[in-house]
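An overview of the molecular structure
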Amino acid sequence: MDQPATPLEHIRARIAQAARIAGREEASVELVAISKTHPAEAIAPLIAQGQRVFGENRVQEAEAKWPALLEEHPEVRLHLVGQLQSNKAEEALGLFHSIHSLDRPSLVAALGKAMDKTGRRVPCFVQVNIGAEDQKGGCAIAEVPALLASAREAQIPVAGLMCVPPLGIEAAPFFALLAKIAGDNGLDQLSMGMSEDFETAVMLGATHVRVGSALFGARG
Ligand SMILES: *Cc1c(COP(=O)(O)O)cnc(C)c1O
């Protein structure tokens, strides 16, 4: 087998192989390159290699580095994968093409209002606290149906569910559980899987994998 030349090619090849094993189309998996903490100079080469979807976890950091990149590369899509404060909802809509961290009623209200005001209705993922961890963001599993209902009422386009499983324990059962909750609620997109476990996520139905360090190297 040929050795892939770049980290991006390597990750793409691994996604393709996992999709093949799962009997899925490679194109059904979107690679979201998580560029948080990395400067524009580290991002530009990936865009040059054809990567089109990127993710950041902080609005402020993204505002500092992305407007210039997006102006130069209007085909690029930017996803917010980190916690969003309600008072930054409108700001976030000004920059991001998708939001993966819709996780509480107050944010549904703020985002719905901001969408009404700006007319920008970007696809959102409801983030689920899949491991029921006290310290972690995300909606409790039991509260998912109610949060989805209020999001629909606020005319927020909900694409699917997102999770960050507990650290240091096999992720597969959590991915499978997220897929089941999505199915139970009639949603077909799943944002799950990071550098350590994206192949497992693809095999369990991920439509969006969020890969940072495996593409960019370790964060400083
Ligand atoms: C940082 C981050 C990622 C990427 O993590 P890596 O382990 O570097 O691939 C994915 N999702 C979220 C929500 C993150 O904050």
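Described in the following lines is the structure provided in the data block. Every chain is numbered independently, its residues counted from 1 as its sequence is written. Since the coordinates come from a predicted model, pLDDT governs what is reported: local features require at least 70, and pairs of side-chain atoms require 80 or more to be given and counted, while whole-chain, interface and lining totals use all residues. Hydrogen atoms and water are omitted, and side-chain values are computed over all heavy atoms in the structure.

Observations concerning the overall build of the protein
- Numbering of helices and strands starts at the N terminus; helices are DSSP runs of H or I of at least 4 residues and strands are runs of E of at least 2. Across its full length, the protein carries nine helices and eight strands.
- In terms of overall size, the protein behaves like a compact globule, its C-alpha atoms giving a radius of gyration of 17 Å where 220 residues would be expected to give roughly 17 Å.
- For the protein, the spread of C-alpha atoms along the principal axes amounts to about 50 × 40 × 30 Å.
- Every residue pair with non-hydrogen atoms within 4.5 Å of one another is taken to be in contact. For the protein, the proportion of contacts with a sequence separation of at least 24, taken over those separated by at least 6, is 58%.
- A total of about 10500 Å² of accessible surface is found on the protein, and carbon and sulfur atoms cover 52% of it.
- Positive and negative charge centroids in the protein, built from 20 and 26 side chains respectively, lie 3 Å apart. It is over C-alpha atoms that the radius of gyration is taken, and the globule rule equals 2.2 Å times the number of residues to the power 0.38. Calculation of accessible area relied on Shrake-Rupley with a 1.4 Å probe; when residues are assessed, cover is drawn exclusively from the protein chains displayed. For the purpose of charge, His is not counted, nor are the chain termini; Lys and Arg are scored as positive and Asp and Glu as negative. Charge placement uses NZ in Lys and CZ in Arg. For Asp and Glu, CG and CD serve respectively.

Structural notes on the pairing of strand β1 (residues 30-34)
- For β1, the tally of buried residues reaches four of five residues, placing the bulk of the element in the interior.
- Pairing between strands is defined by DSSP: at least two bridges between the two strands are required. Summarising the sheet, β1 and strand β8 (residues 208-211) pair through four bridges and their orientation is parallel. Bridging from a neighbouring strand, A33 pairs with V211 of β8.
- Direction of pairing for β1 relative to strand β2 (residues 53-56): parallel, over a ladder of two bridges. In the sheet register, I34 faces β2, and the bridge partner there is G55.
- Crossovers are described as right-handed under a simple rule: with the strands pointing away from the observer, the path leading from the first strand over the helix to the second runs clockwise. As for the winding sense of the linkage, the β-α-β connection from β1 through helix α2 (residues 40-48) to β2 is right-handed. Relative accessible area decides the class of each residue, using a 1.4 Å probe on protein chains only: under 20% of the type maximum gives buried, over 50% gives exposed, and in between gives partly exposed.

Some details on the environment of G212
- Here G212 lies in the loop between β8 and α9 (213-216).
- Taking the C-alpha atoms as reference, G212 lies 24 Å from D188; in sequence the two are 24 residues apart.
- Not counting the four nearest positions on each side in its chain, G212 is found in contact with I34, S195 and R219.

Structural notes on the site of the ligand
- Taken together, the residues surrounding the ligand are I34, K36, V81, M162, M194, S195, R210, V211, G212, S213 and R219.
- Residues adjacent in sequence count toward polar contacts only when both atoms are side-chain atoms; beyond that, a polar contact is any pair of N or O atoms within 3.5 Å, and within protein one must be able to donate a hydrogen and the other to accept it. Residue S213 places a main-chain N or O atom 2.8 Å away from an oxygen atom belonging to the ligand.
- Of the residues belonging to the shell around the ligand, the class tally is five nonpolar, three polar and three charged. Neighbouring residues are identified by heavy atoms, a residue being near a molecule or strand if any of them is within 4 Å of it. In this count, Pro and Cys sit with the nonpolar residues alongside Ala, Val, Leu, Ile, Met, Phe, Trp and Tyr, while Asp, Glu, Lys and Arg are called charged and the others, Gly among them, polar.

Looking at helix α1 (residues 7-21)
- For α1, which comprises 15 residues, the first-to-last C-alpha distance of 21 Å matches the rise-based estimate of 21 Å (1.5 Å per residue) to within 8%.
- Residues of α1 that are buried: L8, I11, I15, A16, A18 and A19. Looking straight down α1, one finds that the buried residues subtend no more than 165° of arc, so they occupy a single side. In α1, those exposed residues whose orientation departs by more than 90 degrees from the buried face are R20 and I21.
- Those residues of α1 that are buried lie in contact with β1, α2, α8 (198-203), β8 and α9.
- At the exit of α1 stands G23, carrying a positive phi of roughly 70°. In this scheme, a helix's expected span is set at 1.5 Å multiplied by one less than its residue total. Taking the helix axis as origin, the arc is that swept by the directions to the C-beta atoms.

Section: the nonpolar core
- Nonpolar cores are built from buried Ala, Val, Leu, Ile, Met, Phe, Trp, Tyr and Cys residues. Side-chain atoms within 4.5 Å join them into one set. Of all hydrophobic cores here, the largest spans 65 residues; its most connected members are F54, W66, L111, L161 and V209.
- By residue number, the principal contributor to this core is helix α5 (residues 105-118), which donates six residues.
- Ignoring any residue separated from it by four or fewer positions in sequence, one finds L161 in contact with F125, V126, V128, V144, L178, I181, A182, L187, Q189, L190 and S191.

Read these as geometric descriptors, not functional statements.
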